[in-house]
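Results of the structural survey
Listed below, chain by chain, are the residues.
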Amino acid sequence: MLLIECPYCGPRDETEYHYGGEAHVPYPEDPAALTDRQWGEYLFYRRNTKGLLAERWVHTAGCRKWFNVVRDTATYKVQSVYRLTDPRPSTGGAL
């Protein structure tokens, strides 16, 4: 069982959360101006980094709030958790 530390509720089982994609990806300024291909690339194409990656998660079975997680995609180990309003933590050059 993997525990994820919700910044609002404390540690909870990973089954209480849902993944929301890569964090810090800017939303398009004018989504209506994008072609279908550009919109599809924004929605579905990811860097798929092996190693540390900043991700968005939502605590669906708890406070229902979104937050960010820095997680190692190779080991699944969570390095840090932080609120959307907090700056991204230093990861020693990774990300």
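Everything quoted here is computed from the prediction, not taken from an experiment. (Residues numbered from 1 in each chain as written. Predicted model: local features only at pLDDT ≥ 70, side-chain atom pairs only at ≥ 80, totals over all residues. Heavy atoms only, no water.)

**Digging into the overall build of the protein**
A count of helical and extended segments in the protein gives 1 helix and 6 strands. The C-alpha extent of the protein, read off along each of the three principal axes, is 40 × 30 × 25 Å. Counting across all 95 residues of the protein, residues that qualify as buried make up 28%. In the protein, 43% of the contacts between residues at least 6 apart in sequence involve partners at least 24 apart. (Helix = DSSP H or I, 4+ residues; strand = E, 2+ residues; numbered from the N terminus. Buried < 20%, exposed > 50% of the residue type's maximum accessible area, 1.4 Å probe, protein only. Contact = heavy atoms within 4.5 Å.)

**Things to note about the environment of A54**
The topology assignment puts A54 in strand β4 (residues 52-58). Residues A54 and V25 lie 29 residues apart in sequence; the distance between their C-alpha atoms is 9.8 Å.

**Looking at the environment of V81**
Secondary-structure assignment places V81 in strand β6 (residues 78-83). Counting along the chain gives 60 residues from V81 to G21, while the straight-line C-alpha distance between them is 15 Å. Once you skip the residues sitting within four places of it in the chain, V81 turns out to touch E5, P7, F67, N68 and V69.

**Description of a nonpolar patch on the surface**
A surface patch of nonpolar side chains, amounting to about 370 Å² of accessible area, comprises L43, F44 and Y45. For Y45, the position within the fold is in the loop between α1 (36-44) and β4. Owing to a relative accessible area of 55%, Y45 belongs among the exposed residues under this scheme. (Patch = residues over 30% accessible without salt bridge, like charges linked within 9 Å, V, L, I, M, F, W, Y side chains within 5 Å. Areas by Shrake-Rupley, 256 points an atom, 1.4 Å probe, with all protein chains shown as cover. Salt bridge = Lys/Arg side-chain N within 4 Å of Asp/Glu carboxyl O.)

**Section: the pairing of strand β5 (residues 66-72)**
Burial of β5 is extensive: 5 of the 7 residues sit out of reach of the surface. Pairing of β4 with β5, which is carried by 7 bridges, proceeds in the antiparallel orientation. Residue E55 lies in a different strand from β5, and its bridge partner there is V69. The sheet contact formed by β5 and β6 spans 5 bridges and is antiparallel. Bridge pairing links N68 to Y82 in β6. Hairpin connection from β5 to β6: 5 residues lie between these consecutive antiparallel strands, with Y76 at a positive phi of about 70 degrees. (Pairing = 2+ DSSP bridges.)

**Focus: unusual backbone geometry**
Despite not being glycine, H24 has its phi angle at roughly 65 degrees, a positive value. Examined against the element boundaries, H24 turns out to sit in the loop between β3 (18-22) and α1. The phi torsion at R64 lies on the positive side, around 65 degrees, for a residue other than glycine.

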